[in-house]
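What follows is each chain in one-letter form.
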Amino acid sequence: MTSETSFWHPFSDMAQVRGHEFVIERGEGSYVWDVGGKKYFDGTASLWCVNVGHGRHEIADAARAQMDTLATYQTFGGFANKPVLELADRLAASAQPIVDDPKVFFGLGGGDAIETAAKLARRYFAATGQPERVHIIGRTQGYHGTHGIGTSIGGIAANQVGMGPVDPAVSSVPWDSLEALEAEFERVGPDKVAAVFAEPVIGAGGVHRVPPGYLQGLAALCTKHGALFIADCVIAAFGRLGTMWGVDRFDLRPDMMTFAKGVTSGYLPLGGVVISGRIAEPFWEGDGLWFRHGQTYSGHPTCCAAALANLDIIENEGLLQRGRELEDEIASALSPLESADVVDQARAGIGALGAVSFKPELLADHADLPLRTFAAAKERGVLVRPLGDGVAISPSLVTTEKDLEDASAALTDALAAVASSL
Ligand SMILES: Cc1ncc(COP(=O)(O)O)c(C=O)c1O
């Protein structure tokens, strides 16, 4: 058996991918170019993450300068480095209106952040006399990465198939029902629930904005039952929802917020958790209690230096505000697509993300509609993300209205081509 590539792609059918890899070579702003020199509108900002756009030399320069000074060092025990200290303080200061007396724990991406938050929730209750509180509730359509606990609490069923037993102390409730969540607290036993995880806007599960009042109701149920509310802001933060943290759109006060992606705009891997002082207290004020968790690259100086340069760009160029504006512009770009024969709904998210879903009766016969649409759009120079019942867009925050108008025209054409191919 010959193999055209040795690279095993994540989330891929390698039998299809091998020999047909789509090699991206260069990026600038909201556009990328493949190795053949063809230009594409990066409608997905890689995976919801290149918030400041491609080709930002400021970030490369900051990473380079840090590498020249101290490329890497661990932060276990008392070790620290300048960029991690500055970044933790900067993130804590910006989180202060949302999370009381915030502390920041770093890992290398969203999956690490989820694992950290879940383990810390359990460890906190074990340390404060409620060791039976270990249960974690997630939501259908939720996506929290592919590490152990993240896989277990994820609400996209296919991601658990054949992976062996998931964490036994987790369960899932319909993503938009407070009644179901209340019932789940009762079923599990309210004093056994450690935490509920929720994305402010469901991303990888298909771009679903929650019903009005849902998140506030979820937070209130957590408070009522003494469980922690963990907001998964891995997509939502750093401008994607038009604010620094995403949850600030909903007037929420979570016990923890996970972040990744936009913190470096994906230029280098970084993620983490903002933790309220109340949860940190037994570890920060206690008598020898450790959180025995962390990675070799937690607080990696070069990644943190890249994050600081990225946050400067977001601040200096008003990209939080731009995320808000894009909300309407994306809605306007997607709404004409609703008249395409194959389309059921144009779903604008809150912030700079949206999706179109396909008619369920067509999807029943053609499960590959999202993939076909991806291919037709790609042919026309636009990258969209096939997921669930449709395709999603989440472009960089430097995207212009004109970029979106052009993308909308290309997608209209792509959807017509897909319809006629059925
Ligand atoms: C809401 C959310 N949480 C967690 C993750 C996992 O992040 P990572 O892929 O960096 O592990 C993702 C990734 O898309 C995500 O969208």
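Residues numbered from 1 in each chain as written. Predicted model: local features only at pLDDT ≥ 70, side-chain atom pairs only at ≥ 80, totals over all residues. Heavy atoms only, no water.

Trainee: Please clarify how the pattern of salt bridges should be interpreted in this entry.
Mentor: Two side chains of opposite charge can pair, provided their charged atoms sit close to one another. As enumerated under the stated definition, the model contains 18 salt bridges in all. Arg122 is paired through a salt bridge with Asp167; the nearest N and O atoms lie 3.0 Å apart. With Arg122 in helix H5 (residues 110-127) and Asp167 in the loop between helix H6 (148-153) and strand S6 (170-173), this residue pair connects regions lying 45 residues apart in the sequence. Between Glu327 and Arg249 there is a salt bridge whose closest N-O contact spans 3.0 Å. One end of the pair, Glu327, is in helix H11 (residues 319-334); the other, Arg249, is in the loop between strand S10 (228-232) and strand S11 (256-259), with 78 residues separating them in the sequence. Note on Glu327: relative accessible area 13%, which makes it buried. What makes Arg249 partly exposed here is its relative accessible area of 23%. Several salt bridges share partner residues, and in doing so they unite Arg56, Glu58 and Glu317 into one network. (Salt bridge = Lys/Arg side-chain N within 4 Å of Asp/Glu carboxyl O. Helix = DSSP H or I, 4+ residues; strand = E, 2+ residues; numbered from the N terminus. Buried < 20%, exposed > 50% of the residue type's maximum accessible area, 1.4 Å probe, protein only.)

Trainee: Would you take a moment to explain a negative patch on the surface for this structure?
Mentor: Together, Glu338, Asp344, Glu361 and Asp365 make up a negatively charged patch on the protein surface. Relative to the helices and strands, Glu338 is located in the loop between H11 and strand S13 (343-348). (Patch = residues over 30% accessible without salt bridge, like charges linked within 9 Å, V, L, I, M, F, W, Y side chains within 5 Å. Areas by Shrake-Rupley, 256 points an atom, 1.4 Å probe, with all protein chains shown as cover. Lys, Arg positive; Asp, Glu negative; His and termini not counted. Charge placed at Lys NZ, Arg CZ, Asp CG, Glu CD.)

Trainee: Help me out: how do you make sense of the domain arrangement of the protein in this one?
Mentor: How big an interface is tends to be stated in terms of the accessible area lost upon association of its parts. According to the domain assignment, the protein contains domain 1 (59-316) and domain 2 (318-421). Put simply, the middle of domain 1 and the middle of domain 2, counted by C-alpha atoms, are 28 Å apart. Opposite the 21 residues of domain 1 that make contact, domain 2 presents 21 residues. Here domain 1 meets domain 2 over a buried area of about 1,700 Å², counting both sides, of which 61% is carbon and sulfur. Scanning the region where domain 1 abuts domain 2 turns up 1 salt bridge. At the level of secondary structure, the elements contributing two or more residues to the side of domain 1 that touches domain 2 comprise strand S9 (208-209) and helix H10 (301-316). (Domains from an automatic or database assignment. Contact = heavy atoms within 4.5 Å. Buried area = accessible area lost by both parts, 1.4 Å probe.)

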